[in-house]
Amino acid sequence: MRDPRYDILFTPVQIGPVTTKNRFFQVPHCNGMGHAMPLAHAAMREMKAEGGWAVVSTEECEIHPTSDLTPYVEARLWDDRDIPALALMCDKVHAHGALAAVELSHNGPTASNLYSREVLIGPSHQPSKYGYPSQARAMTLKDIREYRRWHREAALRAKRAGMDIIYVYAAHDLSLPMHFLQRRRNHRGDEYGGSLENRVRLLREVLQDTRDAVGDRCAVALRFATEELLGPEGVELSEAQDIVGLIAELPDLWDVNVAAWYNDSVPSRFAAEGAQEPFVSFVKKVTTKPVVGVGRFTSPDTMVSQIRRGVIDLIGAARPSIADPFLPRKIEEGRVDDIRECIGCNICVSGDMTISPIRCTQNPTMGEEWRKGWHPERLSPKRQASRVLVVGGGPAGLEAARALGQRGYEVSVAEARRELGGRVTREARLPGLAEWARVRDWRVGQIGKLPNVSVYLDSALSAQDVLDFGAEHVVLATGCHWRRDGFGRSNGLGIAGLADHPRVFTLDDLMDGRLPSGRVAVFDDDGFYYASIAADLLHQHGCKVTYVTPEDSVAPWSVNTLDYRHIRKRMAKQGIEVHVSHGIVAFDGATLTLENAWDGTMSERACDAIVMVTSRLPDDALYQALLLREAEWSLAGIRSLRCIGDAEAPGLIAHAVYAGHRYARELEEPSAGEVPFKRHFHAASADNLRRDG
């Protein structure tokens, strides 16, 4: 039964000509599937609707070939041929009583046009944003009229597809209406440039055009960034207040956030739940129209607070709806403890950034709804009565045990340590990563509700113990450990003299509380978040920290999770010295010798210790021992043995959770074949390809 405190979350909200069934609004978010994988995209959005979200939106939807976002895969409404893909999504969403929304976008100078080969356009002559060796030309008045026509025609196509809410996009530094607002991009001297009233003109016109075209049946939403955090070069809060005042009643809905994307979807390491409130709370004081805002909302108490205090009317979410598509339904059914809370790691963002289907650390079914038919709440029951021994209580082992238990297996978890969670528990104690403990906490909570799952702590097992246990299926999720010998991408033979050096440390040492002191170099040959967090921890410990990497930039893979800029700013604020494009040649306990990766120049610096962040080795000794005794499996009753997660191949926490979930899904199920998922095939047949040469 629903807690009465949360009743307000389930009251309808009128948005122009449409009404939501509750206040849960999945705002537009990218997913790496878009126009290229319409079936997978529709199934993913449908899962949100089934889970109780009142509004389910697309990602950016390109309206014209002059706004081609290749290589990124977004939605498209270039012409009528794009309607069926979005109509499919609308049908899926409507089947569950939700409204469908589309975010129409023309990215101007922040597009690429790598596929369409059209010339980029923008308010003024300027370079393309993302480093492509091309520029955008300044739009003429005719171009502006054409853009307005393209947007109007795309809105009509969206209406024909079945969309209920049509977005005008002016946020994230990714759309022409926003670019016309920005003084740094708009240098025009005509009626579309100069004064604020002139810079707002295009946004006003597009809103009016869209209302005139589809406002009889569709609501018109405006997604607007109220602060770019760039100072005078960007739209600042004070100017945003004036902009909202000028057009307050034009849209049917205000969707407000901050820009750019790395400030909007800030990783939890750098921002807490509800962090955008100071930048968006003014909007409801200016307009009578409903307001939706985001803030990585996972707590229903925070949601209710923002509504009751007049901050927003609708609970906007992208990442929380990915981590738990059934978040609204769980609150409605009084199952708040069952919410799979977003940890803010932004692995979901990396799907779009790497042009691959969306993934989630907490929700291993995300992106697999159509490909594998996976549902986040339902698993098929076990095929037969079998006992499963899970060795290791980290993210892979816990997810395997939870999902196996849900299927009805008798499961025993043996964890060698005195606490569950494995690497998740250890990493969550590092600076800024406390919310990552949710990966452990949710699974431990779910396992606690399953009478058929038993957990044994402080239980290191030998191969003989496993053979004697009496389980038909054994899955080993024994984790991994960091190497201290320097072996990694840049040092295929390791670094001489480091493996046994007493002043060389690893992340495992740091997580176990063994911290160096004095002048410490952190060597990053991994490229993600680990080394920067080690540097943060050591700085807090009072060390004088130097960061060294053979890469040309700090933590390069963190660009894909929107961490990069925040990492650089924090390191600069802490005074951490940075040496990119350098490798370690030698260390004698007092002096560190570095080599420039490009010219071979050697340099020395005083150093008391090194923390190596290079690569990891699987803790697979138990697996190897059991493989050597395979002849004894049958006598011990063992029908299958698997090694999963970091014990098979170290990776992200998301990889470990997925491995545990996949193991549980596939146990005793028929093989799905060489390619264990469905694929999209396009209309061209082999005969057509041969004929067309």
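Note that the coordinates shown come from a computational prediction; the quantities given were computed from them, not determined experimentally.

What follows deals with the environment of Gly 660. When you line up the elements, Gly 660 lands in helix H23 (residues 653-666). In this structure, the C-alpha to C-alpha distance between Gly 660 and Ala 396, residues 264 residues apart in sequence, is 4.4 Å. Non-local contacts of Gly 660, meaning those with residues more than four positions away in its chain, are made with Ala 396, Glu 399, Ala 400 and Ile 644.

This paragraph deals with the UniProt feature "domain: NADH:flavin oxidoreductase/NADH oxidase N-terminal" (unreviewed entry) in the protein. Within this numbering scheme, the UniProt entry marks residues 9-337 as carrying the feature "domain: NADH:flavin oxidoreductase/NADH oxidase N-terminal" (unreviewed entry). Secondary structure across residues 9-337 comprises 34% helix and 18% strand; the distance between its end C-alpha atoms is 17 Å.

So, about the side chain of Asn 22. Inspection of the secondary structure puts Asn 22 in the loop between strand S2 (18-20) and strand S3 (24-26). Residue classification places Asn 22 among the buried residues on the basis of a relative accessible area of 4%. Look past the residues within four positions of Asn 22 in its chain and what remains in contact with it is Leu 9, Phe 10, Thr 11, Pro 12, Gly 52, Ala 54 and Leu 314.

This part takes up the sheet that holds strand S7 (residues 121-122). In sheet architecture, strand pairing relies on hydrogen bonds along the backbone and comes in two forms, parallel and antiparallel. Reading across from one edge, S7-S9-S8 is the order of the three strands in this open sheet, with mixed pairing throughout. Two strands lie at the open edges of the sheet, namely S7 and strand S8 (126-127), each paired on one side alone.

This next bit is on the layout of surface pockets. Empty pockets left among the atoms are what a rolling probe the size of a water molecule brings to light. In this model, the second largest pocket occupies a volume close to 610 Å³. Forming the walls of the second largest pocket are 34 residues, and the residues nearest its centre are Arg 417, Thr 478, Gly 479, Cys 480 and Asp 619. When residues of the lining of the second largest pocket are traced back to their parent elements, those giving at least two are helix H14 (395-407), helix H15 (423-427), strand S19 (480-482) and helix H18 (507-511). Each of domain 2 (387-479 + 619-666) and domain 3 (485-616) contributes no fewer than three residues to the lining of the second largest pocket.

Before going further, it helps to examine the UniProt feature "domain: FAD/NAD(P)-binding" (unreviewed entry) in the protein. Per the UniProt record, "domain: FAD/NAD(P)-binding" (unreviewed entry) is found at residues 387-626. When the span residues 387-626 is considered, its composition is 28% helix and 26% strand, and the gap between its end C-alpha atoms is 18 Å.

Moving on to the pairing of strand S27 (residues 609-613). The two faces of the sheet receive side chains in turn, since in a regular strand these alternate between them. Of all five residues in S27, five are buried, a share of seventy percent or more. Residues of S27 alternate between two faces, with Ala 609, Val 611 and Val 613 on one and Ile 610 and Met 612 on the opposite face, all of them buried. Pairing between strand S20 (residues 504-506) and S27: three bridges, direction parallel. Each bridged residue has a counterpart across the sheet, and for Phe 505 the counterpart in S27 is Val 611.

Mapped onto the elements of the fold, Gly 193 is located in the loop between helix H4 (176-181) and helix H5 (196-214). Between the C-alpha atoms of Gly 193 and Tyr 132, which are 61 residues apart in sequence, the distance is 26 Å. If we ignore the near neighbours within four places in the chain, the residues touching Gly 193 are Asn 186, Arg 188, Asn 198 and Arg 199.

Okay, the pairing of strand S4 (residues 55-62) next. Within S4, eight of the eight residues are buried, which leaves the element mostly enclosed by the surrounding structure. Bridge analysis of S3 against S4 gives two bridges, and the strand direction is parallel. By the bridge assignment for S4, Gln 26 is matched with Val 56. Sheet analysis places S4 next to strand S6 (residues 99-105), joined by six bridges and oriented parallel. Along S6, the bridge assignment pairs Glu 60 with Glu 103.

Once that is clear, we can look at the confidence of the model for the protein. A residue-level look at the protein finds 98% of positions with pLDDT of 70 or above and a mean pLDDT of 96. The model gives residues 684-693 a pLDDT under 50, and that stretch makes two contacts with residues more than four places away or in other chains.

The next subject is the domain arrangement of the protein. Per the domain assignment, the segments making up the protein are domain 1 (4-354), domain 2 (387-479 + 619-666) and domain 3 (485-616). Centre-to-centre separation of domain 1 and domain 3, based on C-alpha positions: 39 Å. Each partner contributes to the interface: domain 1 provides 15 residues, whereas domain 3 provides 15 residues. Overall, the association of domain 1 and domain 3 removes approximately 1300 Å² of surface from exposure, summing both partners, and the carbon and sulfur fraction of that is 63%. Considering only the surface of domain 1 that becomes buried against domain 3, Tyr 262, Arg 269 and Phe 270 emerge as the three largest contributors, covering 53% of it. Inspection of the region where domain 1 meets domain 3 yields zero salt bridges.

The N-to-C vectors of helix H1 (residues 38-50) and helix H2 (residues 83-94) enclose an angle of 25°; their axes lie 8 Å apart at closest approach. By the angle class used here, H1 and H2 are roughly parallel. Pair H1 / H2 crosses with right-handed handedness. Contact residues: H1 offers Pro 38, Leu 39, His 41, Ala 42, Arg 45, Glu 46 and Ala 49, while H2 offers Ala 85, Leu 88, Met 89, Lys 92 and Val 93. Broken down by class, the residue content of the contact of H1 with H2 amounts to eight nonpolar, one polar and three charged.

Conventions and cut-offs
Throughout this description, residue numbers start from 1 for each chain and increase along the sequence as written. Given that the model is predicted, a residue must reach a pLDDT of at least 70 before its local features are reported, and side-chain atom pairs must reach 80 or more before they are shown or counted; all residues, however, enter totals for whole chains, interfaces and linings. Each side-chain value is derived from all of the structure's non-hydrogen atoms; neither hydrogens nor water enter the calculation. Per the convention used, a helix needs a DSSP run of H or I reaching at least four residues, while a strand needs a run of E reaching at least two, with both numbered from the N terminus. Contacts between residues were defined by any pair of non-hydrogen atoms, one from each residue, lying within 4.5 Å. UniProt positions are given in the numbering used here, feature names are shortened, and annotations may be inferred rather than shown by experiment. Exposed residues in this analysis have more than 50% of their type's maximum accessible area, buried residues have under 20%, and partly exposed residues fall in between, with area computed by a 1.4 Å probe over protein chains only. Pairing between two strands requires that DSSP report at least two bridges joining them. With a 1 Å grid laid over protein atoms only, a set of points is called a cavity when a 1.4 Å probe fits there but cannot get out and a pocket when it is open yet has protein on both sides within 12 Å along at least five of seven lines; lining residues have an atom within 4 Å of a point. Grid points are joined across faces, edges and corners, and a volume is the space filled by probe spheres set on the points. Residue ranges for the domains originate in an automatic or database domain assignment. Confidence scores here are pLDDT values: one per residue, from the predictor, ranging 0 to 100. Once two parts are put together, the accessible area they lose, assessed with a 1.4 Å probe and summed over both, is termed the buried area. In what follows, salt bridge is the name for a side-chain nitrogen of Lys or Arg lying within 4 Å of a carboxyl oxygen of Asp or Glu. To get an axis, a line is fitted to the C-alpha atoms, and for a helix only the part in contact is used. The angle between two axes follows their N-to-C directions and goes from 0 to 180 degrees. Every angle not falling under 35 degrees, over 145, or within 65 to 115 is termed oblique; those three ranges are roughly parallel, roughly antiparallel and roughly perpendicular. By convention the crossing between two helices is left-handed if the near helix lies anticlockwise of the far one by an angle smaller than a right angle, and right-handed if it lies clockwise. All amino acids are sorted into three groups, where Ala, Val, Leu, Ile, Met, Phe, Trp, Tyr, Cys and Pro are nonpolar, Asp, Glu, Lys and Arg are charged, and the leftover types, Gly among them, are polar.

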